[in-house]
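Overview (structure and organization)
Residue strings, one per chain:
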Amino acid sequence: MSIALAVERGADCTGTHVGAVVVLGNRIISTGYNGTPEGFENCQDGGCVRCADSKLFKTGMANEMSDSHHVPGAGLDRCVCVHAEQNAFITAARFGISLDGAITRHGARASAVSKRPSR
Ligand SMILES: [Zn+2]
Ligand SMILES: [Zn+2]
């Protein structure tokens, strides 16, 4: 979905950039991209210590990492970055938008946000 790819351009994480849109019927009711939470310094600017360490490792500057044992793909408990879908859900909640029956889309994937049990 090209709109998810457009949203992805807002991602500020130093890792993979992801954009997500939440769709209900044919309407987009929320969007989100991955990066540090609101109120934090952007990931690209050092807002996440773990992502900064991964970037340093990948660019051959491991000697400057805050955790000398860090390797990319590990230490996820130190990452403060929020997933694209999480940001889309948080935005919907902030504005009181129900996600009942909605699906998320990013790239070619789609998944249900919530599904009521059938009676
Ligand atoms: Zn990040
Ligand atoms: Zn991070």
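Quick caveat: nothing in here was measured; it's all calculated off a predicted structure. (Residues numbered from 1 in each chain as written. Chains lettered and ligands numbered in written order. Predicted model: local features only at pLDDT ≥ 70, side-chain atom pairs only at ≥ 80, totals over all residues.)

1. Thoughts on the overall build of the protein
As a reminder, the rule being used: Only DSSP runs of H or I reaching four residues or more are called helices, and only runs of E reaching two or more are called strands; each is numbered from the N terminus. Our exposure labels follow a C-beta count within 10 Å of each residue's own C-beta, placed from the backbone: buried means 20 or more other C-beta atoms, exposed means 12 or fewer, and partly exposed covers the counts in between. Contacts are defined on C-beta atoms placed from the backbone: any two residues whose C-beta positions lie within 7 Å are in contact.
Scanning the protein for helices and strands turns up three helices and four strands. If you list the helices and strands of the protein from N to C, you get α-β-β-α-α-β-β. Going through the 119 residues of the protein one by one, you find that 31% of them count as buried. Sequence-distant contacts in the protein: of pairs separated by 6 or more residues, those separated by 24 or more amount to 54%.

2. Some thoughts on the nonpolar core
Within soluble globular proteins, side chains that are nonpolar generally end up buried alongside one another. Short version of the rule: Any nonpolar core is a set of buried residues, restricted to Ala, Val, Leu, Ile, Met, Phe, Trp, Tyr and Cys, that join up through C-beta atoms within 7 Å. For each domain, the first and last residues come from an automatic or database assignment.
By size, the foremost hydrophobic cluster in this structure holds 20 residues, and its most contacted members are Ala 20, Val 21, Val 22, Cys 81 and Ala 88. Looking at this core, the elements with two or more residues in it are α1 (2-8), β1 (19-24) and α3 (84-94). When residues are assigned to domains, this core turns out to be shared by domain 1 (1-35 + 82-108) and domain 2 (40-79), each giving three or more. If near-sequence neighbours (up to four positions away) are discounted, Ala 88 is found in contact with Ala 20, Val 21, Val 22, Ser 30, Thr 31, Gly 32 and Thr 104.

3. Looking at the pairing of strand β2 (residues 27-33)
Our working rule: Criterion used throughout: strands pair if DSSP finds at least two bridges between them.
As paired elements, β1 and β2 share six bridges and run antiparallel to each other. The residue of β2 that forms the bridge with Ala 20 is Gly 32. The loop that links β1 with its antiparallel partner β2 comprises two residues; one of these, Gly 25, has a positive phi angle of about 65 degrees.

4. Considering the confidence of the model for the protein
Rules: What pLDDT conveys is the predictor's confidence in a given residue, as a value from 0 to 100.
With 88% of its residues at a pLDDT of 70 or more, the protein has an overall mean of 88. Element-level mean pLDDT values for the protein span from 60 in strand β4 (residues 109-112) up to 95 in helix α2 (residues 49-58).

5. Topic: the pairing of β1
Within β1, five of the six residues are buried, which leaves it mostly tucked inside the rest of the structure. In this sheet, strand β3 (residues 103-106) lies alongside β1 in antiparallel orientation, the contact comprising three bridges. When the bridges of β3 are listed, Val 22 appears paired with Thr 104.

6. Considering the environment of Ile 29
Locating Ile 29 in the fold gives a position in strand β2. Measuring from C-alpha to C-alpha, the distance between Ile 29 and Ala 88 comes to 9.0 Å, with 59 residues separating the pair along the chain. Setting aside chain neighbours within four positions, we find Ile 29 in contact with Val 22, Leu 24, Ala 92, Ile 97 and Ala 102.

7. Some points on α3
Buried residues of α3: Ala 84, Glu 85, Asn 87, Ala 88, Phe 89 and Ala 92, and no others. The inward-facing, buried residues of α3 contact β1, β2 and β3. One or two residues past the end of α3 sits Gly 96, with phi positive at roughly 70 degrees.

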